[in-house]
Amino acid sequence: MLAAVAHRHPPPRAQLPAALTERERELLAEIATGRSNDEISRRLFLSQATTRTYVSRLLTKLGVRDRAQLVHLAYESGLVQPGDGDGSPVTGPAGDALR
């Protein structure tokens, strides 16, 4: 039984730099769930400009060229696991679902 659990959640193969702040890790997890900058801004109560800045800094700090590589690194490091996205809709100011 232990082997079955270990197979589903293998140990991380990559490590995130200790220099990442807790907020940057939070942003990275949001990116890994497939959320857009607009969705992340709403969920984390950030301006869109601040969200773009965080994404740009993550790309630089982690030495990757695009969001796809950020997602890959988030999964490889164990920051997120398949199924971690809560699937909750992001709502606009009027409470209307955005996705």
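Residues numbered from 1 in each chain as written. Predicted model: local features only at pLDDT ≥ 70, side-chain atom pairs only at ≥ 80, totals over all residues. Heavy atoms only, no water.

The protein has the name DNA-binding NarL/FixJ family response regulator in an unreviewed UniProt entry, where Nonomuraea angiospora is given as its organism.

Novice: Could you clarify how one ought to interpret the overall build of the protein in this entry?
Specialist: Scanning the protein for helices and strands turns up five helices and zero strands. Ordered by position from N to C terminus, the α and β elements of the protein give α-α-α-α-α. The burial tally for the protein puts 29% of its 99 residues in the buried class. Taking as baseline every contact in the protein between residues at least 6 positions apart, the subset at least 24 positions apart corresponds to 57%. Total accessible area on the protein is roughly 6,300 Å²; 56% of this is exposed by carbon and sulfur atoms. (Helix = DSSP H or I, 4+ residues; strand = E, 2+ residues; numbered from the N terminus. Buried < 20%, exposed > 50% of the residue type's maximum accessible area, 1.4 Å probe, protein only. Contact = heavy atoms within 4.5 Å. Areas by Shrake-Rupley, 256 points an atom, 1.4 Å probe, with all protein chains shown as cover.)

Novice: I'm lost on the pattern of salt bridges in this one. Help?
Specialist: Pairs may arise between side chains of opposite charge once their charged atoms sit close together. Scanning the model with the defined rule gives five salt bridges in all. With its nearest N and O atoms 3.2 Å apart, the salt bridge here joins Arg35 to Glu30. Here Glu30 falls in the buried class, since its relative accessible area comes to 10%. When the shortest N-O distance is used, the salt bridge between Asp38 and Arg42 registers 3.4 Å. You can see Asp38 and its partner Arg42 sitting in helix H3 (residues 37-44), four residues apart, about one turn around the helix. The exposure class assigned to Arg42 is partly exposed, which follows from its relative accessible area of 31%. Residues joined by salt bridges that share partners form a network here, namely Glu30, Arg35 and Arg43. (Salt bridge = Lys/Arg side-chain N within 4 Å of Asp/Glu carboxyl O.)

Novice: What's the story with helix H5 (residues 67-76) in this structure? I'm lost.
Specialist: Residues that lie three or four places apart on an α-helix share one face, since the helix turns once every 3.6 residues. Every buried residue of H5 is listed here: Leu70, Leu73, Ala74 and Glu76. Seen from one end, H5 has its buried residues packed into an arc of 165 degrees, which puts them on one side. When the buried face of H5 is taken as reference, the exposed residues oriented beyond 90 degrees from it are Ala68 and His72. At its buried positions, H5 is contacted by helix H2 (22-32) and helix H4 (48-62). Phi for Gly78, located one or two positions after H5, is positive at around 85 degrees. (Arc of directions from axis to C-beta.)

Novice: I tried to follow the environment of Glu26 on my own but got confused; where do I start?
Specialist: Checked against the element boundaries, Glu26 lands in helix H2. A C-alpha to C-alpha distance of 9.8 Å links Glu26 and Ile40, two positions 14 residues apart in sequence. Reaching out from Glu26, the side chain makes a polar contact with the side chain of Arg23 at a distance of 2.9 Å. (Polar contact = N/O pair within 3.5 Å; in protein donor to acceptor, adjacent residues only side chain to side chain.)

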